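Spelled out, the chains give:
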Amino acid sequence: MLSRTADNLYWIARYMERADTVARLLEVGSRISLIPSAHGYRSEWDSLLQATGMAESFAKKYGDPVQRNIESFLFFDHDNPSSVASCFTAARENGRIVRTALTSQVWDALNTAFQELKALERTPRSELELSRLTDWVMRHAAMVRGAIDATLLRNDGFNFLNIGYYLERGDNTARLMDVKYYVLLPRVDFVGSGLDNYQWSTLLRAMGAQRAFHWAYGGDVTAAKIADFLILNPQSPRSLATCAAGLVNHLARVAKAYGRETVAQEKARALLAEVEGATVEAIFDEGLHEYLTRFIADSADLALGIHDTYLSGEMR
Amino acid sequence: MAQFNEMYQGTGVRPPYARLDDWVAAMPQELRSLKQAEAEALFRRIGITFAVYGEGGDPDRLIPFDMFPRVFSAAEWAKLEKGIKQRARALNAFLVDVYGRGEIIRAGRIPGRLVYQNEAYEKAVAGFVPPKGVYSHIVGIDIVRTGPDEFFVLEDNCRTPSGVSYMLESREIMMRMFPDLFRENRIEPVDGYSEKLRRTLASVAPKKCKGEPTVVILTPGHFNSAYYEHSLLADLMGVELVEGQDLFVDGEYCWMRTTEGPRRVDVIYRRIDDAYLDPLCFRPDSMLGIPGLMDVYRSGGVSICSAPGAGVADDKAVYTYVPEMVRFYLGEEPILNNVPTWQCGKADDLKYVLEKLPELVVKEVHGSGGYGMLVGPKCSRDEVERFRAKIVENPGNYIAQPTLALSSVPTFVEEGVAPRHVDLRPYCLVGERIELVPGGLTRVALKEGSLVVNSSQGGGVKDTWVLAE
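Procedures and definitions
- Residues numbered from 1 in each chain as written.
- Chains lettered and ligands numbered in written order.
- Predicted model: local features only at pLDDT ≥ 70, side-chain atom pairs only at ≥ 80, totals over all residues.
- Helix = DSSP H or I, 4+ residues; strand = E, 2+ residues; numbered from the N terminus.
- Rg over C-alpha atoms; globule rule 2.2 N^0.38 Å.
- Buried ≥ 20, exposed ≤ 12 C-beta atoms within 10 Å, placed from the backbone.
- Contact = placed C-beta atoms within 7 Å.
- Nonpolar A, V, L, I, M, F, W, Y, C, P; charged D, E, K, R; others polar.
- Axes fitted to C-alpha atoms, helices over the stretch in contact; angles between N-to-C directions.
- Parallel < 35°, antiparallel > 145°, perpendicular 65-115°, else oblique.
- Left-handed = near helix turned anticlockwise from the far one by under 90°.
- Pairing = 2+ DSSP bridges.
- Right-handed = clockwise from strand over helix to strand, strands pointing away.
- Domains from an automatic or database assignment.
- pLDDT = per-residue confidence, 0-100.

## Here we look at the overall build of chain B
- When helices and strands are counted, chain B shows 14 helices and 23 strands.
- Taking 2.2 N^0.38 as the reference for a compact globule, 469 residues should give roughly 23 Å; the C-alpha atoms of chain B span a radius of gyration of 22 Å, in line with that estimate.
- Buried residues in chain B amount to 44% of all 469 residues.

Okay, here's the thing in structure tokens:
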């Protein structure tokens, strides 16, 4: 397929997944802000922006991190390339370009999200509850994903969509976990406290994984269990292990269809080996934040490899 | 001005429309509104919209669709078809000639300056004969009707005529909404178009291509107002839809960038202008286009449809001479007539035009889309005078024609059903063979009395039926 087409498909997936994460972030933020803040905490909303790497562009435009401004910035602001509005618009635009590579169901799902977004943008903000907005995003993200899984031909385009999804999801899970790092500066006396656990379970809830977590682990919510669940557990749909395995799988299918391997397959396997070889103890020894930062960098490097080989059209 | 109503003659109904009389009589107002809304929803859903240049506004605007079909009998169509194919052959013969020996000019049948000094004449392809001697592979001929047996060609489109997606989608939607109509009337199908187009394009593969040629459609991109059409045709033909950035030249061939590495391209159905094909050859400032493409083209490594330079045949000043081309190259009498045309560049013609300006239609020689034209009888004195000044300033840029009494077809309007003026654009395919699907694009001027059918000027479209014998 045309490299440009593969690139558009890949970005449809990345944008949809990113919008989903931004909605979840908003939910984490608003829940964390519902508990009383204590001395030694940064503003929770600020932490959230720090973790997503958007703090600077926010400060430039809005100044203080007030909840309403953050909502505007993360949801409606077209100047913020990662806002829900930007992501849904970009995903639909990419879809429009490659209409012929999509089924009408997938196009419908993308287009409906976009049309409803336009209606939301015309609705007075006072009528929009944050929880309604975040539900709305997750519903549409799921509809697009479902349409892809249910109707699309399992060809290379399908693989590039999935590569986009797994890459973005792995990166986002790492960033969501990192919110915790920023919220709770490494003050040892908080670890294991009631507050600490509350924040961890908020994170789980935002990822829609609270019940799954309890089924899988039972007992108290601890940092170690959560790290295991979100990083190492291949049953968890958002864990770094699941995402790395998904990348290896879909890149392997591409290599098989094209009859040759590239640097992208190599990097994906290295990423998976790294996650599979890790233990919770080792991760905490290294420092959770340091570990996540490393994962985010490795995953960005893999993205570059995928771009250079398949998406840029420079392959010879 | 007496106008020809294609359906009603006095109190009678002309035979091709016989069954539509009952159909429309049996449709209550509520059902009609319902169907109209359904049609609009279908159009929006498939994403067929039209962006109007220079008007801003909604890029996702729909072209209005009118559900009342326009009908031709088998006999009417048979004559049109012969005339259209004849014209398409003559236009291509003319193109081969003017980029070759120029016999028609030597014979004094058309002034050389009209051809060689024409902006659309590409010196870069002089002496080159494209595969099968075809320059214009899709010829869109705009035809108007003024009586039962009177058809006139308004203009020829030899470059990249658009609108065929409306022909295809209008039919799809009509069949979906009114299946009974298609059972009761024997209507020739149009959905063979994409297959015929693919065959036509494949038949003009370059000489260096062995085996099954790889065909692509080259689009300016998704911001183009006809992007939907480009993607529909690519989809229906099962070929890649590429942009300039997807193609490159290496060695003797043109290639596309794919996830598996370069893949050779043999035939390019381009939907971009000549000027944007190759910055090395035409416009060094262009971001669009494929550097080196023209060299590959001239050495037989790739075919470009329509061929660069085809535009010189559909220029509005050259148009006047098309009947002459039919006689000269084919030795036949033209089946379809031209509209009488005055060239403002000629002193006598100019004098006449300025005298009769309020009665005439005046167009720019290179204009399209209904922009920059004057419809004398529909304009105020002021508008006429302003246009007069423009003509005097640059007479060579204008042609004038009498205001024709365009035929009308019943159309659904606010108050019910009323006659509205229409034209017709069939799409003639020229490759190894000349083919024409029975149908075309009928454009309708939705404003009462209006003669401008261009979609950019508020025109709509209708499904066009050709009845089987």
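## Side note on the overall build of chain A
- From N to C terminus, chain A includes 15 helices and 0 strands.
- Its C-alpha radius of gyration of 20 Å places chain A within 12% of the 20 Å reference for a compact globule of 316 residues.
- Seen through its principal axes, chain A has C-alpha atoms that stretch 55 × 50 × 35 Å.
- Every one of the 316 residues in chain A was classed for burial, and the buried ones make up 47%.

## A few points about the interface of chain A and chain B
- Contacts between the two partners involve 15 residues from chain A and, on the opposite side, 17 residues from chain B.
- Listed by contribution, the elements that provide at least two residues to the side of chain A that touches chain B are helix 1 (3–32) and helix 5 (84–97) of chain A.
- Counting residues per element, the side of chain A that touches chain B draws most heavily on helix 1 of chain A, at 3 residues.
- Among the residues making up the side of chain A that touches chain B, the classes are represented as 7 nonpolar, 3 polar and 5 charged.

## A closer look at the packing of helix 5 of chain A against helix 6 (residues 104–122) of chain A
Residues and elements named next belong to chain A.
- With their axes 9 Å apart at the nearest point, helix 5 and helix 6 run at an angle of 140° to one another. In terms of axis orientation, helix 5 runs oblique to helix 6. For the crossing formed where helix 5 meets helix 6, the hand is left-handed. Contacts between helix 5 and helix 6 pair Ala85, Phe88, Thr89, Ala91, Arg92 and Gly95 from the former with Trp107, Leu110, Asn111, Ala113, Phe114 and Leu117 from the latter.
- Taken together, the residues of the contact of helix 5 with helix 6 break down into 8 nonpolar, 3 polar and 1 charged.

## Quick word on the pairing of strand 6 (residues 215–218) of chain B
All names here are of chain B.
- Here strand 6 shows two buried faces, one formed by Val215 and Ile217 and the other by Val216 and Leu218.
- Bridge count for strand 6 against strand 11 (residues 267–270) is 4 bridges, and the pairing is parallel. Across the sheet, residue Ile217 finds its bridge partner in strand 11, namely Tyr269.
- Two elements, strand 6 and strand 7 (residues 240–242), share 3 bridges in a ladder whose sense is parallel. Considered in strand 7, the bridge of Val216 is made with Glu240.
- With helix 9 (residues 227–237) bridging strand 6 and the parallel strand 7, this β-α-β connection has right-handed handedness.

## Things to note about the sheet that holds strand 10 (residues 261–265) of chain B
All names here are of chain B.
- Read across the sheet, 3 strands follow the order 8-9-10 without closing on themselves; strand pairing throughout is antiparallel. Every other strand in the sheet has two partners, leaving strand 8 (247–250) and strand 10 as the edge strands with one partner each. For this sheet, the mean inter-axis angle between neighbouring strands, taken without regard to orientation, is 45°.
- Here 5 bridges tie strand 9 (residues 253–258) to strand 10, and the two strands are oriented antiparallel to one another.

## What to know about the domain arrangement of chain B
Residues and elements named next belong to chain B.
- For chain B, the assigned domains read domain 1 (69–170 + 188–336 + 426–466) and domain 2 (340–402).
- Centre-to-centre separation of domain 1 and domain 2, based on C-alpha positions: 27 Å.
- Facing 11 residues of domain 1, the contacting portion of domain 2 comprises 10 residues.
- Each residue belonging to the side of domain 1 that touches domain 2 can be placed in one class, and the counts come to 4 nonpolar, 4 polar and 3 charged.

## A few points about the sheet that holds strand 11 of chain B
Residue and element names in this part refer to chain B.
- Ordered in space as 7-6-11-12, the 4 strands form an open sheet in which the pairing is parallel. One side of each edge strand has no neighbouring strand; the edge strands of this open sheet are strand 7 and strand 12 (303–305). Across the sheet, the axes of successive neighbouring strands diverge by a mean angle of 30°, strand direction being ignored.
- In terms of strand pairing, strand 11 meets strand 12 through 3 bridges, oriented parallel. Counted as the bridge partner of Ile268 is Ile304 from strand 12.

## Details of unusual backbone geometry
All names here are of chain B.
- Put simply, Cys305 and Ser306 share a cis peptide bond, and its omega is -10°.
- Along the polypeptide, Ser306 turns up in the loop between strand 12 and helix 11 (316–319).
- With phi around 60°, Lys132 is a residue other than glycine that occupies positive phi space.
- By the element assignment, Lys132 lies in the loop between helix 5 (112–116) and strand 4 (138–147).

## Structural notes on the packing of helix 6 of chain A against helix 7 (residues 130–151) of chain A
Residues and elements named next belong to chain A.
- At their nearest, the axes of helix 6 and helix 7 sit 8 Å apart, and the two run at 170° to each other. In terms of their interaxial angle, helix 6 and helix 7 are classed as roughly antiparallel. Each of Gln105, Val106, Ala109, Leu110 and Ala113 in helix 6 lies in contact with helix 7, whose residues at this interface are His140, Met143, Val144, Ala147, Ile148 and Thr151.
- Residue composition of the contact of helix 6 with helix 7, by class: 8 nonpolar, 3 polar and no charged.

## Brief notes about the environment of Pro234 of chain A
Residue and element names in this part refer to chain A.
- Take Pro234: it is sitting in the loop between helix 11 (223–232) and helix 12 (240–258).
- Pro234 sits in the partly exposed class, given 13 other C-beta atoms within 10 Å.
- Considered as a pair, Pro234 and Glu276 are 42 residues apart in the sequence and their alpha carbons are 9.2 Å apart.

## Quick notes on the confidence of the model for chain B
All names here are of chain B.
- Taken as a whole, chain B shows an average pLDDT of 90; of its residues, 95% reach a score of 70 or greater.
- In the model, residues 52–57 has pLDDT below 50 throughout and makes 5 contacts with residues more than four positions away in sequence or in other chains.
- The ipTM value of the predicted complex is 0.83, and its pTM value is 0.86.

## Remarks on the environment of Val267 of chain B
All names here are of chain B.
- By secondary structure assignment, the location of Val267 is in strand 11.
- Spatially, the C-alpha atom of Val267 lies 9.2 Å from that of Gly301, the residues being 34 residues apart in sequence.
- Leave out the neighbours within four places in its chain, and Val267 touches Leu201, Ala202, Val204, Ala205, Pro213, Val215, Ser303 and Cys305.

## Regarding the environment of Ser33 of chain A
- Relative to the elements of secondary structure, Ser33 of chain A occurs in the loop between helix 1 and helix 2 (44–52).
- Considered as a pair, Ser33 of chain A and Gln67 of chain A are 34 residues apart in the sequence and their alpha carbons are 9.1 Å apart.

## Digging into the pairing of strand 20 (residues 427–430) of chain B
Residue and element names in this part refer to chain B.
- With burial as the criterion, each face of strand 20 is covered, one bearing Tyr427 and Leu429 and the other bearing Cys428 and Val430.
- Of the pairings in the sheet, the one linking strand 4 to strand 20 comprises 3 bridges and is antiparallel in character. By the bridge assignment for strand 20, Gly140 is matched with Tyr427.
- Judged from the 3 bridges that link them, strand 20 and strand 21 (residues 434–436) form a sheet pairing that is antiparallel. Across the sheet, residue Cys428 finds its bridge partner in strand 21, namely Leu436.
- The hairpin formed by strand 20 and strand 21 contains 3 residues between the paired strands.

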